[in-house]
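# Survey of secondary and tertiary structure
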Amino acid sequence: MQRDTLVSHVNEMLDISRFRDYAPNGLQVEGRESVQRIVTGVTASLAMIEAAIALQADAILVHHGYFWRNEDSRITGMKKRRIAQLLSHDINLLAYHLPLDAHPTLGNNARLGALLGVPVQTWHGEQGIIALGTLPSPMRVEALGARIQERLGREPLLLPGDGREIQMLAWCSGGAQGYFEEAIMLGADAYLTGEVSEPAFHIARESGCAFFAAGHHATEKYGIQALGEHLAGHFGLEHRFIDISNPV
Ligand SMILES: [Zn+2]
């Protein structure tokens, strides 16, 4: 299929113009015009690009691309090596950041909720990416931690709050520890994100709301994979998800 058709389909489906993001969403590095084989992954690292080259992919779709707001805009060093590999192999790079966190069925937070058995009930926050849902039955915080570990294949860091049973869960994938207080204001008994910062310990203790850091990579594997599967089904493309394992 034509690359431009693929890009406009995803741009529209993920409603990219709705977000004020930290990096451009959509086609970031242009490659060949025709696309048949796509690979998806969390981050456009050199290892990801090399895997895509080995699979002779026409396009890479990721959650974390390039050209972040505060990064050095020069194409030197590590960034030069990554972009040189893409350009010399004529591979397209598409990146979707906040729009992929937010999508109601394919997004990171929708997939994460489904995986944990807590469907999204409402969306919150200025970008609409904080998910809130009710557990089918209340759980002890340790039991919820065990479920997260089992479903994500990785032990989360747990700050247990006041030990109350968890009924209302708020979550936002990735580096969304800054939304912890907003989750408390929404009435959450626990908040789950990928990463943790020092204040979270005190906020959990003083508010009583539990906090889980379940891994940035571990919480953001599912959206891009679901997007790839959707595109494979919709357009008859070949798709492979490449998991470059990352303990962070
Ligand atoms: Zn992220």
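Residues numbered from 1 in each chain as written. Predicted model: local features only at pLDDT ≥ 70, side-chain atom pairs only at ≥ 80, totals over all residues. Heavy atoms only, no water.

In the nomenclature of an unreviewed UniProt entry, the protein is known as Nif3-like dinuclear metal center hexameric protein of Thermithiobacillus plumbiphilus. Per its UniProt entry, the protein bears the Sequence similarities (unreviewed entry) comment "Belongs to the GTP cyclohydrolase I type 2/NIF3 family." (UniProt positions renumbered as here; feature names shortened; annotations may be inferred.)

### What to know about the overall build of the protein
The secondary structure content of the protein amounts to 10 helices and 11 strands. On C-alpha atoms alone, the protein measures out to a radius of gyration of 19 Å, which is about the 18 Å that the 2.2 N^0.38 rule sets for 248 residues. Summarising its shape, the C-alpha atoms of the protein cover approximately 55 × 40 × 30 Å along the three principal directions. Expressed as a percentage of its 248 residues, the buried residues of the protein come to 51%. In the protein, the proportion of contacts linking residues at least 24 apart, taken out of those at least 6 apart, comes to 66%. Accessible surface, the protein as shown: approximately 11,200 Å² in total, 50% of it carbon and sulfur. (Helix = DSSP H or I, 4+ residues; strand = E, 2+ residues; numbered from the N terminus. Rg over C-alpha atoms; globule rule 2.2 N^0.38 Å. Buried < 20%, exposed > 50% of the residue type's maximum accessible area, 1.4 Å probe, protein only. Contact = heavy atoms within 4.5 Å. Areas by Shrake-Rupley, 256 points an atom, 1.4 Å probe, with all protein chains shown as cover.)

### Let's talk about the packing of helix 1 (residues 3-13) against helix 10 (residues 222-235)
One can describe the packing of helix 1 onto helix 10 by two numbers: an axis separation of 12 Å at closest approach and a directional angle of 125 degrees. Relative to helix 10, the element helix 1 is oriented oblique. Handedness of the helix 1/helix 10 crossing: right-handed. Counting all contacts with helix 1, which are made through Leu6, His9, Val10 and Met13, the residues of helix 10 involved are Leu227, His230, Leu231, His234 and Phe235. (Axes fitted to C-alpha atoms, helices over the stretch in contact; angles between N-to-C directions. Parallel < 35°, antiparallel > 145°, perpendicular 65-115°, else oblique. Left-handed = near helix turned anticlockwise from the far one by under 90°.)

### Describing the pattern of salt bridges
Summed over all chains, the structure comprises 12 salt bridges. Measuring nitrogen to oxygen at the nearest pair gives 3.5 Å for the salt bridge that ties Arg18 to Asp15. The exposure class of Arg18 is partly exposed, given its relative accessible area of 49%. With relative accessibility at 36%, the residue Asp15 sits in the partly exposed group. What emerges from the salt-bridge pattern is a single network uniting Asp162, Arg164 and Asp189. (Salt bridge = Lys/Arg side-chain N within 4 Å of Asp/Glu carboxyl O.)

### Brief notes about helix 10
The end-to-end C-alpha separation of helix 10 is 20 Å, in line with the 20 Å expected for 14 residues at 1.5 Å each. Within the span of helix 10, buried status applies to Tyr222, Gly223, Ile224, Ala226, Leu227, Gly228, Leu231 and Ala232. Gly236 lies just past helix 10 and shows a positive phi near 70 degrees. (Expected span 1.5 Å × (residues − 1).)

### Considerations on the environment of Gly113
Within the element layout of this structure, Gly113 appears in helix 5 (residues 108-116). When the C-alpha atoms of Gly113 and Cys172 are compared, they prove to be 9.7 Å apart, with 59 residues separating the residues in sequence. Residues within four places of Gly113 in sequence aside, it is in contact with Val118, Pro119 and Trp171.

### With respect to the layout of surface pockets
A volume near 240 Å³ is recorded for the largest pocket. Lining of the largest pocket is provided by 16 residues; of these, Tyr22, His97, Leu98, Gly175 and Ala176 occupy positions nearest its centre. When grouped by side-chain class, the residues that make up the lining of the largest pocket number 7 nonpolar, 7 polar and 2 charged. (1 Å grid on protein atoms, 1.4 Å probe; cavity = no way out; pocket = protein on both sides within 12 Å on 5 of 7 lines; lining within 4 Å. Points joined across faces, edges and corners; volume = space filled by probe spheres on them. Nonpolar A, V, L, I, M, F, W, Y, C, P; charged D, E, K, R; others polar.)

### A word on the coordination of the zinc ion
Looking at the zinc ion, one finds its protein donor set to be His64 (NE2), His216 (NE2) and Glu220 (OE), positioned 2.1 Å from the metal centre. Donor residues binding the zinc ion come from one chain and are separated in sequence as H-x151-H-x3-E. A relative accessible area of 16% places His216 in the buried class. The buried category is assigned to Glu220, whose relative accessible area is 2%. (Donors = N, O, S within 2.8 Å, 3.2 Å for Na, K, Ca; no water.)

### Quick look at the sheet that holds strand 6 (residues 130-139)
Strand order in this open sheet of 6 strands is 5-6-8-9-10-7, and the pairing throughout is mixed. Taken across any chain shown, the strands that pair with only one partner, and hence form the sheet edges, are strand 5 (122-124) and strand 7 (157-159). Along the sheet, successive strands turn relative to each other by an average axial angle of 25 degrees, direction set aside. Two elements, strand 6 and strand 8 (residues 166-171), share 5 bridges in a ladder whose sense is antiparallel. Across the sheet, residue Gly133 finds its bridge partner in strand 8, namely Leu169. Against the sheet, helix 5 makes contact with strand 5, strand 6, strand 8 and strand 9 (190-193), and its axis sits at roughly 155 degrees relative to strand 8, the strand it touches most. (Pairing = 2+ DSSP bridges.)

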